[in-house]
Amino acid sequence: MGENDSLADRFVAHRPHLVAVAYRMLGSLSEADDAVQEAWLRLSRVDPAEIDNLGGWLTTTVGRVCLDMLRSRKSRHEQAYLPDPIVAADDATQPEQQAVLADSVGLALLVVLDSLHPAERVTFVLHDMFAVPFDQIGPIIGRSAAAAKMMASRARRRVQGRAPRPDRDLPRQRRVVEAFLAAARGGEFDALLAILDPEVVLRADAGAHPGGMRVLRGAATVAGQLDAFQRAANAFASQHVLVNGAPGLLNTARGKTVSLIAFTIVDDKITAIDLLSDPARIPHAVLGA
């Protein structure tokens with residue numbers, strides 16, 4: 001085996017971790033793949049003998065690439081969209097799904113990360129999610145280790161203040177989702193209101209369609225969408241799925257994807273509903289599972 005083949009094999013071994021880092025920074029699966037590919041191109045241009053820790057080198061390189069991508073996105077003033085969902089079949093008989101949930105980043109948290117300054121997001125993700133030391137983060141963002149530490153602390157306060165900590169009990173969460181679906185199908189306003197947190201937020205992302213992402217806040221306002229929920233619940237077939245590790249609903253009509261609903265649930269109350277109705281951004285692999 002040649003040196004290049006060996007390096008490629010080592011890169012492939014690190015790739016899942018690198019994609020996880022990039023996805024948390026960018027909230028986009030396609031852009032995460034692009035960032036990891038760029039890291040490979042940069043690796044191919046250096047002497048591997050000069051790299052003491054390949055995993056650390058690749059992680060910090062992906063961090064630099066993602067920071068550039070985030071800054072470019074911000075300079076273009078792009079319209080807000082929901083992050084790309086990661087969808088899997090919801091098999092209640094598989095105990096390892098608990099591990100999947102514990103290691104997942106919910107859409108609600110990714111939405112909050114989108115509100116951070118690019119350098120704050122990179123610092124928070126690298127340190128708080130992947131335990132990268134501040135002396136390695138500083139050079140990525142062009143700051144000292146002490147400044148990086150302060151930036152992470154500021155980002156952490158913003159995240160903790162705005163991102164709910166969802167329940168980790170999958171069966172318990174499913175029961176809330178089933179109660180939502182039953183209330184929607186039956187047009188039961190009081191039943192729907194009873195499972196909504198007073199500060200619930202509904203984010204409806206229709207993609208490139210006029211209006212972009214619509215945001216509604218408050219239990220009464222969200223429950224006021226009952227007519228729309230009822231029409232959808234009775235018109236579409238709803239399949240239980242995992243969306244970023246948490247229970248959600250995949251809606252189809254005649255076998256074609258229509259929309260995806262992700263729920264954030266805390267203490268048996270729905271604190272966030274993320275509705276994606278752009279079929280092009282909804283993975284199809286779970287259909288028929």
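Everything below is about the structure shown above.
Just so we're clear, the structure is a prediction, and the values are computed from it rather than from any experiment.

Student: I keep staring at the side chain of E120 and nothing clicks. Help me out?
Tutor: For E120, the position within the fold is in helix 6 (residues 118–129). Take E120: its relative accessible area is 7%, and that puts it in the buried class. Separated by 3.0 Å, the side chains of E120 and R158 make a polar contact. Discounting residues that sit within four places of it in the chain, E120 has contacts with M151, R154, A155 and R158.

Student: Where do I start with the nonpolar core in this structure?
Tutor: Side chains that are nonpolar tend, in soluble globular proteins, to be buried together. If you look at the biggest cluster of nonpolar residues, it comprises 54 residues, and the most contacted ones within it are M25, V122, L126 and I141. Per-element accounting of this core gives the leading share, 9 residues, to helix 1 (residues 3–26). Setting aside residues up to four positions removed in sequence, L126 forms contacts with V21, M25, T59, A131, V132, I137 and I140. By size, the runner-up hydrophobic cluster in this structure holds 24 residues, among which are A183, I195, V200 and A233.

Student: Sorry if this is basic, but what is going on with the sheet that holds strand 1 (residues 87–89) here?
Tutor: By way of backbone hydrogen bonds, the strands of a sheet pair with one another, either parallel or antiparallel. Spatially, the 7 strands line up as an open sheet ordered 1-4-5-6-7-2-3, and their pairing is mixed. Strand pairing shows two members of the sheet lacking a second neighbour, strand 1 and strand 3 (213–217), which therefore form its edges. In this sheet, neighbouring strand axes are inclined to one another by 25° on average, regardless of whether the strands run parallel or antiparallel. In this structure, strand 2 (residues 196–205) lies alongside strand 7 (residues 269–276), joined through 6 bridges in parallel fashion. Across the sheet, the residue bridging to L196 is I270, located in strand 7. On the sheet, helix 9 (residues 170–186) packs against strand 4 (237–243), strand 5 (246–253), strand 6 (256–266) and strand 7 and is oriented at approximately 35° with respect to strand 5.

Student: Would you mind showing me how to read the packing of helix 5 (residues 107–114) against helix 6 here?
Tutor: When two helices pack together, their arrangement is given by the angle between the helix axes and by the axis-to-axis distance. One can describe the packing of helix 5 onto helix 6 by two numbers: an axis separation of 10 Å at closest approach and a directional angle of 135°. Judged on the interaxial angle alone, helix 6 and helix 5 are oblique. Between helix 5 and helix 6, the residues in contact are L109, L110, L113 and D114 and R121, F124, V125 and M129, respectively. By residue class, the composition of the contact of helix 5 with helix 6 is 6 nonpolar, no polar and 2 charged.

Student: Is there a simple way to explain the pairing of strand 5 in this structure?
Tutor: Walk down a regular strand and you will see the side chains alternate between the two sheet faces. Taking burial as the measure, the 8 residues of strand 5 include 8 buried ones, the bulk of the element. Pairing between strand 4 and strand 5: 7 bridges, direction antiparallel. Bridged to V243 within strand 5 is A246. In this antiparallel pair of consecutive strands, strand 4 and strand 5, the connection spans 2 residues, and N244 shows a positive phi of 50°. Linking strand 5 to strand 6, which pair antiparallel, is a turn of 2 residues; within it R254 sits at a positive phi near 50°.

Rules behind the numbers
- Residues numbered from 1 in each chain as written.
- Predicted model: local features only at pLDDT ≥ 70, side-chain atom pairs only at ≥ 80, totals over all residues.
- Heavy atoms only, no water.
- Helix = DSSP H or I, 4+ residues; strand = E, 2+ residues; numbered from the N terminus.
- Buried < 20%, exposed > 50% of the residue type's maximum accessible area, 1.4 Å probe, protein only.
- Polar contact = N/O pair within 3.5 Å; in protein donor to acceptor, adjacent residues only side chain to side chain.
- Contact = heavy atoms within 4.5 Å.
- Core = buried A, V, L, I, M, F, W, Y, C linked by side-chain atoms within 4.5 Å.
- Pairing = 2+ DSSP bridges.
- Axes fitted to C-alpha atoms, helices over the stretch in contact; angles between N-to-C directions.
- Parallel < 35°, antiparallel > 145°, perpendicular 65-115°, else oblique.
- Nonpolar A, V, L, I, M, F, W, Y, C, P; charged D, E, K, R; others polar.

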